[in-house]
Amino acid sequence: MSNILDNSQYQSAVQQLNLYAKHYYELDDPIASDEEYDNLYKKIYEYERNNPNNINPNSPTQRVGGKVLQDFSKNSHRKRMWSLEDVFDNNDLLQWFEKLENALSRLQKSQSLFDDNTIQYKSILEDSLLAKLHFCISPKYDGMSLNLFYKNGKLQSATTRGDGEIGELVTQNAKTIKSIPQTIPFHGGIEIRGEVVLSKKNFDTLNKEREKNNQSLFANPRNAAAGSMRQLDSNLTAERKLDFIAWGIGYCDDMQQLCKLAQKNKVGFYDILMLLPEFGFESFVYLESMIPKNIEKEYQKVLNMREDFEFLLDGFVIVLDDLELQEKLGFTQKAPRYACAYKFPSTEIVIQIDSISPQVGRTGIITPVANFKPTLLDGAYISRATLHNYKEIERKDIRIHDSCLLVRSGDVIPKITKVLTDRRNGNEIEILKPTQCPICHHSVSYEDIFIYCSNPNCDAIIKTKLIHFASKKCMNIEGLGKSIVELLVDLKLIIQFKDIYYLHYENLFQLEGFKEKKAQNLIDSIQGTINNRELWRFIHALGILHIGEVASKKLAYYGIEIFDKSFEELKEINGFGEEMAQSFYDFCHRNKEFIIDLIQIIQPVIEISRSNKEQQENLFAKKTCVITGTFEKSREELKAILESYGAKVTSSVSVKTDYLIVGEKAGSKLQKAQELGLKVIAEKELKDLLGI
Ligand SMILES: NC(=O)c1ccc[n+]([C@@H]2O[C@H](COP(=O)([O-])OP(=O)(O)OC[C@H]3O[C@@H](n4cnc5c(N)ncnc54)[C@H](O)[C@@H]3O)[C@@H](O)[C@H]2O)c1
Ligand SMILES: [Zn+2]
């Protein structure tokens with residue numbers, strides 16, 4: 001579609017936009033990205049500006065929001081609710097200020113607005129009618145509008161925005177939201193308006209649960225919040241952990257009372273907002289008042305802080321502070337003239353999948369990655385997104401050539417949240433599960449939802465494993481980074497994992513990019529790890545699924561024997577669930593020789609090593625201990641040491657406790673142990689006993 005629409009294109013654009021709006025506002029299940037919606041909206045708006053006599057009364061520019069759902073009772077707002085005019089960049093913002101300036105100067109001609117009538121319009125931000133006016137800036141939370149009506153301090157009703165005049169009555173559901181006060185210290189009638197939102201964290205948890213229960217996922221927190229508010233069963237709403245953030249007021253029958261509460265003769269919009277936390281609404285994480293000149297800089301600041309907010313932001317809202325001027329400026333067809341929304345770049349785009357590349361990771365898991373045309377998302381071009389696993393593809397029914405919504409929130413990798421199935425044209429191709437490894441062509445194995453390459457010497461696995469093995473928190477081999485690992489594996493200088501320890505200077509110094517010194521340094525740093533790295537680093541370096549740094553440290557307390565422990569024994573280690581124990585056990589079982597070989601080469605340093613005999617024949621074997629007070633070592637560490645001696649460490653003192661280990665500042669546990677006559681072991685005694 002070209003930028004300028006003809007009449008028939010205009011009519012079909014209106015139809016298309018109405019369809020998007022219906023899915024968004026009424027069904028809480030969008031079929032387009034916000035960016036697509038906004039772009040089409042802009043085209044329609046342009047057409048209507050050029051053809052003011054040919055505006056389709058059904059055009060989305062002519063109304064606010066969507067239809068009211070039949071399932072709910074209807075309720076009228078005492079004062080109309082509005083949409084906001086959007087601006088997308090600094091240019092748009094200046095144009096918006098210019099429009100406002102013109103409106104102000106028209107007003108000024110017809111009535112005396114300001115004391116100083118001599119101001120001449122020069123530059124919008126420097127020397128104009130509005131240059132010295134204050135604007136209130138608040139985050140634009142992406143949720144669902146809600147209008148709360150309070151009478152004589154009591155919450156009477158909660159109504160969705162609906163079409164701006166009439167909305168759905170959702171009072172019962174609103175009462176389940178903790179951040180909506182049931183009473184406020186205001187006598188008379190007042191409408192408090194705000195956004196019902198779902199935090200990014202709660203949104204993730206909700207979708208994870210839905211995924212587990214095989215329910216469809218919400219595309220974004222906005223739709224989840226709206227869908228949760230428009231539930232007939234309030235119990236369901238209560239489960240969703242929604243929040244309410246106030247952003248303004250509507251009808252108010254006693255402005256004098258507000259002035260009194262604010263201790264001012266005359267209140268502005270900012271003053272009113274500042275009263276709301278005193279009414280019991282959530283305090284504002286961010287709220288500012290400033291002159292136009294400073295707004296662009298502030299926008300950039302808030303944009304940079306965007307990810308730090310608990311809730312999703314899609315822009316910030318600029319509202320003229322002076323309430324009398326607000327009233328005089330009035331409204332367009334659907335939005336106030338005195339406010340606008342300065343939108344943030346979209347974090348959601350529509351992409352079309354061109355192909356799938358299966359990628360092999362460290363653990364051998366084959367991950368499908370979708371490729372698509374480079375597309376701008378939140379300031380960066382992206383062309384790939386992980387589809388996580390083949391089960392996920394099946395569940396979402398993702399196919400090659402499908403159009404999908406792709407969302408980036410926080411620093412998380414972009415996620416495909418929805419397949420836009422109504423855009424299918426029959427050319428979509430099913431994504432097949434790999435039957436062999438895409439890198440080494442070895443056959444694959446299946447475990448749970450994952451597909452693995454079962455060749456331990458697969459190039460792809462060796463590469464990612466070696467990169468992990470050499471990394472800082474593992475064997476810490478200086479100079480052995482990603483590109484060198486890839487080069488060595490590609491040149492077949494490394495075929496098996498342990499080959500890095502058999503690399504010679506002669507192998508390296510002729511390679512591209514290697515000078516004599518660099519080659520020698522690398523050999524030195526590889527050889528330097530022999531007999532010179534703690535056991536926990538070695539365990540961590542093996543790259544076992546679910547076994548990270550902390551778990552590796554715990555395991556290392558058991559010495560080399562840890563590799564021979566049974567699944568049951570591993571499960572008993574404090575903080576180890578079945579999943580971790582199983583993963584470690586399976587790995588050791590499958591890779592016995594590999595581990596023995598590596599240990600012989602590397603000879604990891606074992607800080608505390610105990611034989612099986614030692615573990616069974618000591619003061620702590622099979623004893624129940626409780627630790628209390630503060631120690632030189634962390635409690636976590638002490639616990640692991642005691643467990644490595646076969647003790648069981650619990651958290652509360654009872655008759656079943658054998659020893660109480662006490663550090664400094666021991667409290668009620670020590671008293672209880674003494675009452676029960678238990679053996680108490682002080683830190684120093686423990687050190688002597690264990691030689692630590
Ligand atoms: N993806 C789709 O299919 C689709 C369809 C329809 C609309 N949309 C999106 O919705 C936007 C238009 O929707 P709209 O008109 O409902 O809302 P809007 O973006 O015009 O903004 C008005 C709303 O912002 C909310 N808001 C949040 N914080 C606020 C604050 N601090 N002060 C004042 N208001 C605040 C209020 O609920 C208010 O009603 C479009 O720009 C588009 O991005 C998307
Ligand atoms: Zn492979």
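Note on numbering: residues in each chain are counted from 1, in written sequence order. Labels are handed out in written order, letters beginning with A for the chains and numbers beginning with 1 for the ligands. The predicted origin of the model limits local features to residues at a pLDDT of at least 70 and limits the giving and counting of side-chain atom pairs to 80 or more, whereas totals for whole chains, interfaces and linings rest on all residues. Think of the side-chain values as coming from all heavy atoms in the structure, minus any hydrogens and water.

**Student:** Just to check I follow, could you spell out the overall build of the protein chain for this structure?
**Tutor:** Counting from the N terminus, the helices are the DSSP runs of H or I reaching at least four residues and the strands are the DSSP runs of E reaching at least two. A tally of regular secondary structure across the protein chain gives 25 helices and 25 strands. With respect to the principal axes defined by its C-alpha atoms, the protein chain has extents near 95 × 70 × 55 Å. In the protein chain, which comprises 692 residues, the proportion classed as buried is 49%. We call two residues contacting when some pair of their heavy atoms lies within 4.5 Å. At a minimum sequence separation of 6, the contacts of the protein chain that also span at least 24 residues come to 67%. To be clear on the numbers: accessible area is Shrake-Rupley with a 1.4 Å probe, and residue cover counts the displayed protein chains and nothing else. Accessible surface for the protein chain amounts to roughly 34900 Å². Of this, 47% is attributable to carbon and sulfur atoms. Looking at the protein chain, you have 88 positive and 96 negative side-chain charges, and the mean spots of the two groups are 2 Å apart. In this scheme, a residue with accessible area under 20% of its type's maximum is buried, one over 50% is exposed, and one in between is partly exposed, where area comes from a 1.4 Å probe on protein chains only. Counting rule for charge: Lys and Arg are taken as positive, Asp and Glu as negative, and neither His nor the chain ends is counted. To locate a charge, the coordinates of NZ of Lys, CZ of Arg, CG of Asp or CD of Glu are taken.

**Student:** Would you mind showing me how to read the coordination of the zinc ion (ligand 2) here?
**Tutor:** Donor selection uses N, O and S atoms within 2.8 Å of the metal (3.2 Å for Na, K and Ca). Since no water is included, sites may look incomplete. In the first shell of the zinc ion (ligand 2), the protein supplies C437 (SG), C440 (SG), C453 (SG) and C458 (SG), at 2.2 to 2.4 Å from the metal. Between 85 and 135 degrees for all angles marks four donors as tetrahedral; over 155 degrees for opposite donors together with 65 to 115 for all other angles marks four donors as square planar and six as octahedral; every other arrangement is irregular. In this structure, the zinc ion (ligand 2) is coordinated by four donor atoms arranged in tetrahedral fashion, with angles at the metal of 101 to 117°. In primary sequence terms, the donor set of the zinc ion (ligand 2) follows C-x2-C-x12-C-x4-C. With C440 in the loop between β19 (429-430) and β20 (444-447) and C458 in the loop between β21 (450-453) and α13 (459-470), this residue pair connects regions lying 18 residues apart in the sequence.

**Student:** What should I look at first to understand the domain arrangement of the protein chain in this one?
**Tutor:** Accessible area lost upon the coming together of the parts is a frequently used measure of interface size. Here the protein chain is partitioned into domain 1 (7-62), domain 2 (85-343), domain 3 (348-430), domain 4 (459-527) and domain 5 (610-692). Note that domain bounds follow an automatic or database assignment of domains. Each of domain 2 and domain 3 was reduced to a C-alpha centroid, and the two centroids are 35 Å apart. Values labelled buried area give the accessible surface lost by two parts on being combined, using a 1.4 Å probe and summing over both. A buried area of about 690 Å², summed over both sides, lies between domain 2 and domain 3, and 43% of it is on carbon and sulfur atoms. Its largest share of buried area at the contact with domain 3, domain 2 owes to E211, A219 and E307, together 50% of the area lost on that side. The term salt bridge refers to a side-chain nitrogen of Lys or Arg lying within 4 Å of a carboxyl oxygen of Asp or Glu. Counting across the interface, domain 2 meets domain 3 through one salt bridge.

**Student:** Would you take a moment to explain the site of ligand 1 for this structure?
**Tutor:** In the neighbourhood of ligand 1, 22 residues make up the surrounding shell, with D38, S83, S145, R161 and E195 lying closest. Separating a nitrogen atom of ligand 1 from a backbone N or O atom of A32 is a distance of 2.8 Å. We define a polar contact as two N or O atoms separated by no more than 3.5 Å, with the added condition that, inside protein, one atom must be a possible hydrogen donor and the other a possible acceptor, whereas residues neighbouring each other in sequence contribute only through side-chain atom pairs. Between K343 and ligand 1, the recorded distance is 3.0 Å, taken from a side-chain N or O atom to an oxygen atom. For ligand 1, whose free accessible area comes to 850 Å², the fraction covered by protein is 94%. When contributions to the shell around ligand 1 are tallied by element, the ones reaching two or more residues are α1 (7-26), α2 (34-50) and β3 (135-141). With four residues, β3 is the largest single contributor of residues to the shell around ligand 1. Residues are labelled near a given molecule or strand when at least one of their non-hydrogen atoms is within 4 Å of it.

**Student:** Quick question: what am I supposed to make of the pattern of salt bridges here?
**Tutor:** Any two side chains of opposite charge can pair, so long as their charged atoms come close to each other. According to the stated counting rule, one finds 34 salt bridges in the structure shown. The residue E298 makes a salt bridge to K301 at a minimum N-O spacing of 3.4 Å. Of the two residues, E298 and K301 are both situated in helix α10 (residues 295-305); the distance of three residues between them amounts to about one turn of the helix. Across the salt bridge formed by K473 and E549, the nearest N and O atoms sit 3.3 Å from each other. Note that K473 is positioned in the loop between α13 and α14 (482-490) and E549 in helix α18 (residues 549-556), a separation of 76 residues in sequence. Overall, E549 belongs to the partly exposed group, its relative accessible area being 24%.

**Student:** For this particular structure, what's the right way to read the environment of E288?
**Tutor:** Relative to the helices and strands, E288 resides in strand β9 (residues 288-290). Residue class for E288 comes out partly exposed when judged on its relative accessible area of 31%. Residues E288 and C136, 152 residues apart in the sequence, show an inter-C-alpha distance of 5.8 Å. Look past the residues within four positions of E288 in its chain and what remains in contact with it is F135, C136, I137, Y270 and E298.

**Student:** For this particular structure, what's the right way to read the sheet that holds strand β8 (residues 243-252)?
**Tutor:** Where strands meet in a sheet, backbone hydrogen bonds hold them as pairs that are either parallel or antiparallel. Strand pairing is assigned whenever DSSP identifies at least 2 bridges connecting the two strands. Strand order in the open sheet formed by four strands is β5-β4-β7-β8, with antiparallel pairing between adjacent strands. Either end of the sheet is taken by a strand with one partner, and the two such strands are β5 (154-160) and β8. On average, each strand axis in the sheet is tilted by 30° relative to the strand beside it, whichever way the strands run. Taken together, the six bridges between strand β4 (residues 144-151) and β5 define a ladder with antiparallel strand orientation. Paired with Y150 across the bridge in β5 is L155. A fitted line through C-alpha atoms serves as each axis, taken over the contacting stretch for helices, and the angle formed by two N-to-C directions is quoted from 0 to 180°.

**Student:** Would you mind showing me how to read the packing of helix α8 (residues 255-262) against helix α9 (residues 269-279) here?
**Tutor:** When two helices pack together, their arrangement is given by the angle between the helix axes and the distance between those axes. In contact at an axis separation of 10 Å, α8 and α9 are set at 80° when each is read in the N-to-C sense. Viewed along their axes, α8 and α9 adopt a mutual orientation that is roughly perpendicular. Residues M255, L258, L261 and A262 of α8 form the contact with α9, whose participating residues are I272, L275 and F279. Residues are grouped as follows: nonpolar covers Ala, Val, Leu, Ile, Met, Phe, Trp, Tyr, Cys and Pro; charged covers Asp, Glu, Lys and Arg; every other residue, Gly included, is treated as polar. Considered class by class, the residues forming the contact of α8 with α9 number seven nonpolar, no polar and no charged. Orientation is classified from the angle alone, with under 35 degrees giving roughly parallel, over 145 giving roughly antiparallel, 65 to 115 giving roughly perpendicular, and any other angle giving oblique.

**Student:** How should the sheet that holds strand β12 (residues 348-352) be read in this particular structure?
**Tutor:** Ordered by their spatial adjacency, three strands build an open sheet running β12-β17-β18, and the pairing between neighbours is antiparallel. The open sheet is flanked by β12 and β18 (415-419), the only strands paired with a single partner. Shown here is a sheet whose adjacent strand axes are inclined to one another by a mean of 35°, direction ignored.

**Student:** I would appreciate a short explanation of unusual backbone geometry in the present structure.
**Tutor:** Backbone geometry at N152 places phi at a positive 45°, although glycine is not the residue there. By secondary structure assignment, the location of N152 is in the loop between β4 and β5. The backbone of N476 shows a phi angle near 50°, a positive value even though the residue is not glycine. Positionally, N476 belongs in the loop between α13 and α14.

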